[in-house]
Amino acid sequence: MPRRPQPPLKPGKDPVAFVARRLEAHRPPGPFQEGAFTSRLHDEGVAARLGLALAVTFFTCFATGLISHFAQNPLDIGFLSTPVSPGWLYRVTQGTHVAMGIASIPLLLFKLWTVYPLLFTWPPAKNVVQATERLFVGALVALAVFQLFSGLANTVGWYPWEFNFVVTHFWASWMLIGVLMIHIGAKMRQTRRALAKPVEETEAHAESPPAPTGTLSRRGALGAAAAAVGAVTLTTVGQTFRPFKELAALAPRVPGIGPQGIPINRSAISAGVTETAIDAAFRLRVTGDVQTPLELSIADLRAMPQHEADLPITCVEGWSASGVWSGVRVRDLLERAGAPEGGEIIVRSLQMRKSFRTSELNTIFARADDTLLALDINGEPLHIDHGFPCRLIAPNRPGVLQTKWVTTLEVRT
Ligand SMILES: Nc1nc2c(c(=O)[nH]1)N[C@H]1C(S)=C(S)[C@@H](COP(=O)(O)O)O[C@H]1N2
Ligand SMILES: [Mo]
């Protein structure tokens, strides 16, 4: 179709196009020269397929991340409230979050390698629209690298930064998903076209010679990416999916597991409770808006009806492990203290410093059958590192909220 002749551009109209036309005559040497990249794998068909896989992992991470966020910061409005059952649900969503995040790492590295020659296009952008699009791609790459790096560091309990991981990872995820949607919108047509063709024949390199024997074909390269995803998944997913425990060479919390079959997050020494936790004067207090405040010794707690619950500890850092816990129902304690229906319960630990000393239970969680102040695990009294003399254990709940060394339940209405 013949195009209408374009009027000569003035700088005021599209400054990027104006600069670009002047730059065209000054193409830098080296990678900026046309034909500098010869690999058949720098190809839109490969990039599109990896992009599709990344879209799946990123949207899954976003959704499961939101579930985790709202489990830790409950909205408590209607269908948006975190349900109490099934008790294993958070274990699955958080396990999926971490597994998908880890799988994204080889996918992203490979995708970046596939498209990096685009960094050397000349001129860098032909017009203002393209310049904007490229800035968004830059932001997308930066955010994706940040999310995967900070998330991975979190799973190994490494915090080499000053900022608050949870808050930053949360807000960066919104920005990432925003620029990702813009990117998907901008690339939709190109991606569809590339996906419609067999991967060995995509357009960008249609005229490129067939791969010399001994080099990787595009299909082979995608197979290698899939194998890399499989390898990192198999060697880490055992941290939450126990049948794969033996393979979990790269999972930080599996080897040796921990006392009573569960890894330790913070030890009694680190929490500074080695003396208070074994003090004979220990009492569990039920206080706040109650008719009869309670002060119960361990013997008093053991004299109450004991209940069992088979529930996991699901650390937000990516590991999980289940046990059969037994102890007193929180609901029974609330009833004994004459707590009114509704309100919330603040659970406080003996721990005096550092984080995770307290957590909250909304009324639904507090009154669930399986929400226990556990005294035993798998038939033995709790190990001191697992919260002796008593800890909270509740269904479908992030590990950070399963408070150890509990000494006070404060009822607030
Ligand atoms: N008092 C107190 N309780 C706590 C913590 C803590 O640091 N202090 N850590 C929490 C976290 S992050 C997790 S994952 C679980 C781990 O329980 P475990 O160490 O018995 O496996 O305990 C939770 N309860
Ligand atoms: Mo945790």
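This is a predicted model, so every value here is computed, not measured. Residue indices begin from 1 for each chain and proceed along its sequence in written order. The lettering of chains begins at A and the numbering of ligands begins at 1, in the order of writing. The predicted origin of the model limits local features to residues at a pLDDT of at least 70 and limits the giving and counting of side-chain atom pairs to 80 or more, whereas totals for whole chains, interfaces and linings rest on all residues. Side-chain measures were taken over the full set of non-hydrogen atoms in the model, leaving aside hydrogen atoms and water.

A. Inspection of the pairing of strand β1 (residues 284-288) at higher detail. DSSP calls a pair of strands paired once it identifies at least 2 bridges connecting them. By the criteria applied, helices consist of DSSP H or I runs no shorter than four residues and strands consist of E runs no shorter than two, each listed in order from the N terminus. Bridge count for β1 against strand β2 (residues 294-296) is three bridges, and the pairing is antiparallel. The partner of Leu284 across the bridge, within β2, is Leu296. Adjacent in sequence and paired antiparallel, β1 and β2 are bridged by five residues. Across four bridges, β1 lies against strand β10 (residues 406-412) in parallel orientation. By the bridge assignment for β10, Val286 is matched with Leu409.

B. Quick look at the layout of surface pockets. Looking at the second largest pocket, its volume works out to about 1000 Å³. Definitions used throughout: a 1 Å grid over protein atoms alone; a cavity as a set of points that fits a 1.4 Å probe which cannot get out; a pocket as an open set with protein on both sides within 12 Å along at least five of seven lines; a lining residue as one with an atom within 4 Å of a point. Contributing to the lining of the second largest pocket are 49 residues, with Gln72, Phe356, Gly399, Val400 and Leu401 lying nearest its centre. Secondary structure elements with two or more residues in the lining of the second largest pocket: α2 (44-72), α5 (165-196), β5 (344-349) and β6 (358-362). Ranked by residues supplied to the lining of the second largest pocket, first place goes to β6 with five residues. Gly falls in the polar group here, along with every residue not listed as nonpolar (Ala, Val, Leu, Ile, Met, Phe, Trp, Tyr, Cys, Pro) or charged (Asp, Glu, Lys, Arg). Of the residues assigned to the lining of the second largest pocket, the class counts are 23 nonpolar, 18 polar and eight charged. Shared between two domains, the lining of the second largest pocket takes at least three residues from each, and those domains are domain 1 (15-209 + 216-247) and domain 2 (261-412). Grid points are joined across faces, edges and corners, and a volume is the space filled by probe spheres set on the points. Note: domain ranges come from an automatic or database domain assignment.

C. Looking closely at the packing of α2 against helix α6 (residues 218-234). Between α2 and α6, the shortest axis-to-axis distance is 10 Å and the interhelical angle comes to 25 degrees. One way to sum up the angle between α2 and α6 is to call them roughly parallel. Between α2 and α6 lies a crossing whose hand is right-handed. Between α2 and α6, the contacting residues are Val46, Arg49 and Leu50 on the first element and Arg218, Leu222 and Ala225 on the second. Axes here mean lines fitted to C-alpha atoms, for a helix over just the part in contact, with angles spanning 0 to 180 degrees between N-to-C directions. Each angle is binned into one of four classes, with values under 35 degrees roughly parallel, values over 145 roughly antiparallel, values of 65 to 115 roughly perpendicular, and all other values oblique. Crossings are classed by handedness, with left-handed meaning an anticlockwise turn of the near helix from the far one by less than a right angle and right-handed meaning a clockwise turn. Any pair of residues with heavy atoms lying within 4.5 Å of one another is described as a contacting pair.

D. Spatial organisation of the pattern of salt bridges. Salt bridges are defined as contacts in which a side-chain nitrogen from Lys or Arg sits within 4 Å of a carboxyl oxygen from Asp or Glu. Inspection of every chain in the model, using the stated rule, returns twelve salt bridges. One salt bridge connects Glu410 with Arg412, and the closest N-O pair in it is separated by 3.2 Å. Salt bridges sharing common partners tie together Arg348, Glu410 and Arg412.

E. Quick look at the domain arrangement of the protein chain. The assigned domain composition of the protein chain is domain 1 (15-209 + 216-247) and domain 2 (261-412). With 21 residues of domain 1 in contact, the opposing surface of domain 2 contributes 21 residues. Taking both partners together, domain 1 and domain 2 bury about 1700 Å²; carbon and sulfur atoms supply 54% of that area. When the area that domain 1 buries against domain 2 is broken down by residue, the three leading residues are Val84, Tyr90 and Arg91, summing to 35%. Pairing of N or O atoms within 3.5 Å defines a polar contact, subject to two protein rules: one partner must be a possible hydrogen donor and the other a possible acceptor, and residues neighboring in sequence count only if both atoms are side-chain atoms. Counting every contact that joins domain 1 to domain 2 gives nine residue pairs in polar contact (both at pLDDT 80 or more). The term buried area denotes the loss of accessible surface (1.4 Å probe radius) that occurs when two parts are joined, taken as the sum for both partners.

F. Summary view of the environment of Cys390. Locating Cys390 in the fold gives a position in the loop between β8 (380-381) and β9 (391-393). Throughout, exposure labels follow a simple rule: accessible area from a 1.4 Å probe, protein chains only, divided by the maximum for the residue type, with under 20% read as buried, over 50% as exposed, and the rest as partly exposed. Note on Cys390: relative accessible area 1%, which makes it buried. C-alpha separation for the pair Cys390 and Ile298, spaced 92 residues apart in sequence, amounts to 8.5 Å. With near-sequence residues (within four places) excluded, Cys390 lies in contact with Phe282, Leu284, Leu301, Leu373, Ala374, Leu375, Leu382, Lys404, Trp405 and Val406.

G. Spatial organisation of the site of ligand 1. Any residue with a heavy atom positioned within 4 Å of a molecule or strand is treated as near that molecule or strand. Neighbouring ligand 1 are 21 residues, the closest being Pro263, Gln351, His386, Arg391 and Lys404. Between ligand 1 and the protein, one listed contact pairs an oxygen atom with a backbone N or O atom of Pro263 at 2.5 Å. Per-residue and other accessible areas follow the Shrake-Rupley method at a 1.4 Å probe size, with only the shown protein chains counted as cover for residues. Coverage of ligand 1 by the protein amounts to 99% of the 530 Å² it exposes when considered alone. The rule for placing a molecule in a cavity or pocket is simple: more than half of its atoms must lie within 2 Å of the grid points. In a pocket analysis with a 2 Å cut-off to the grid points, ligand 1 is assigned to the second largest pocket.

H. Expanded view of the sheet that holds β1. Sheet architecture is open: five strands sit in the order β2-β1-β10-β5-β6, paired in mixed fashion. A single partner strand is all that each edge strand has here, and the edge strands are β2 and β6. Each strand of the sheet is rotated relative to its neighbour by a mean of 15 degrees, with strand direction disregarded. Docked against the sheet, helix α9 (residues 330-337) engages β1, β2, β5, β6 and β10, running at close to 130 degrees with respect to β2.

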